[in-house]
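Per-entry structural report
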Amino acid sequence: MEAVLAHLRGAIERGEYEVGDKLPSEAELCRTLEVSRPVLREALRALQTMGLTVSRTGKGTFVVAGAVEDPTFGDYAASDLMEVRRHVEIPVAGYAALRRTPEDLDHLAHLLERMEQETDTTSWVALDTLFHLTVAEASQNPVFRRVIEEIRDALARQSAFLNELGGRREQSNREHRAIIEALADGSELDAVDAMAHHLDRVETTLTDIVHRGRTDGAARPSADSTDHRPSTGAGA
């Protein structure tokens, strides 16, 4: 999927598909790129998340931007989501360190164990959002929980995006473990630092994905190449 996405994104950013253009049909793209329809559809969804295209029912997929600026996760732009997460989840972690119960710690530890064993991205993402919701619950403030619940779908979409294109799962598991350890120690400062570090890494990965196509992802395929399929590359 990552290879197909890089191929299509590169074509858009090079101007091969201009704003207003309709992409070839799914059937045509599958034949040209020699990929299955599910793989292609994942790549098309990622293009839409990046804000490069829009899908119009019964009409196809159209280019609406020539470069990635601010991905959208559900109802929220990535920049807005990250701004709110910093102002909510970092202090929430501090409150959770002071107010968490043994049951909260057990729940978080169990979630992390499941995340570390999970290999399916969709299942891991569901656990990831539940982890952050549980930290909010551990703060013993129902308003914080309501805020995280409100952005839960956006968090899931962002998590899936980062894991598919940024390979963040193992790193994220380590960051979650550091958060749990700080909560277990009852250290407000360490919990705040651990959550801030986690969100820093999320934002860094997101920024890398957004800018990737402007550097190494924009190269045109070799004209004399006999294989016009997108390169799978490392981590694809």
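Residues numbered from 1 in each chain as written. Predicted model: local features only at pLDDT ≥ 70, side-chain atom pairs only at ≥ 80, totals over all residues. Heavy atoms only, no water.

1. What to know about the nonpolar core
Formed by 63 residues in total, the largest nonpolar core has its most connected members in Leu-5, Leu-8, Leu-47, Met-50, Phe-161 and Leu-183. Apart from residues no more than four positions distant in its own chain, Leu-47 is found in contact with Leu-5, Leu-8, Arg-9, Ile-12, Leu-23, Leu-52 and Thr-53. (Core = buried A, V, L, I, M, F, W, Y, C linked by side-chain atoms within 4.5 Å. Buried < 20%, exposed > 50% of the residue type's maximum accessible area, 1.4 Å probe, protein only. Contact = heavy atoms within 4.5 Å.)

2. Let's talk about empty space enclosed by the protein
Leftover empty space is mapped by rolling, across the atoms, a probe with the size of a water molecule. Counted according to the given criterion, the structure contains one cavity of 30 Å³ or more. Taken as a whole, the largest cavity encloses approximately 130 Å³ of empty space. What lines the largest cavity is a set of 14 residues, and nearest its centre among them are Arg-85, Asp-128, Ser-159, His-198 and Val-202. Of all the secondary structure elements, the ones that give two or more residues to the lining of the largest cavity are helix H6 (121-138), helix H8 (152-166) and helix H10 (188-212). In terms of residue count, H8 provides more of the lining of the largest cavity than any other element does, five residues in total. Grouping the constituent residues of the lining of the largest cavity by class yields four nonpolar, seven polar and three charged. (1 Å grid on protein atoms, 1.4 Å probe; cavity = no way out; pocket = protein on both sides within 12 Å on 5 of 7 lines; lining within 4 Å. Points joined across faces, edges and corners; volume = space filled by probe spheres on them. Helix = DSSP H or I, 4+ residues; strand = E, 2+ residues; numbered from the N terminus. Nonpolar A, V, L, I, M, F, W, Y, C, P; charged D, E, K, R; others polar.)

3. Considerations on the pattern of salt bridges
Applying the stated criterion across every chain yields a total of 13 salt bridges. One salt bridge in this structure joins Glu-16 and Arg-14, with 2.9 Å as the shortest N-O distance. Between Arg-168 and Glu-175 there is a salt bridge, and its shortest N-O distance comes to 2.7 Å. Exposure remark for Arg-168: the relative accessible area of 3% places this residue in the buried category. Accessibility expressed as a relative area gives 5% for Glu-175, which makes it buried. A single salt-bridge network, built from bridges that share partners, covers Glu-137, Arg-145, Glu-149 and Arg-152. (Salt bridge = Lys/Arg side-chain N within 4 Å of Asp/Glu carboxyl O.)

4. Re H8
Helix length check: H8, at 15 residues, gives a terminal C-alpha distance of 20 Å against a target of 21 Å (1.5 Å per residue), a fit within 8%. For H8, the set of buried residues is Ala-154, Leu-155, Gln-158, Ser-159, Phe-161, Leu-162, Asn-163 and Leu-165. Directly beyond the C-terminal end of H8, a positive phi value near 55 degrees is found at Gly-167. (Expected span 1.5 Å × (residues − 1).)

5. Here's the deal with the environment of Arg-201
With respect to the helices and strands, the residue Arg-201 is situated in helix H10. For Arg-201 and Arg-168, which are 33 residues apart along the polypeptide, the C-alpha to C-alpha distance reads 9.0 Å. Setting aside its immediate chain neighbours within four residues, Arg-201 contacts Arg-168, Gln-171 and Glu-175.

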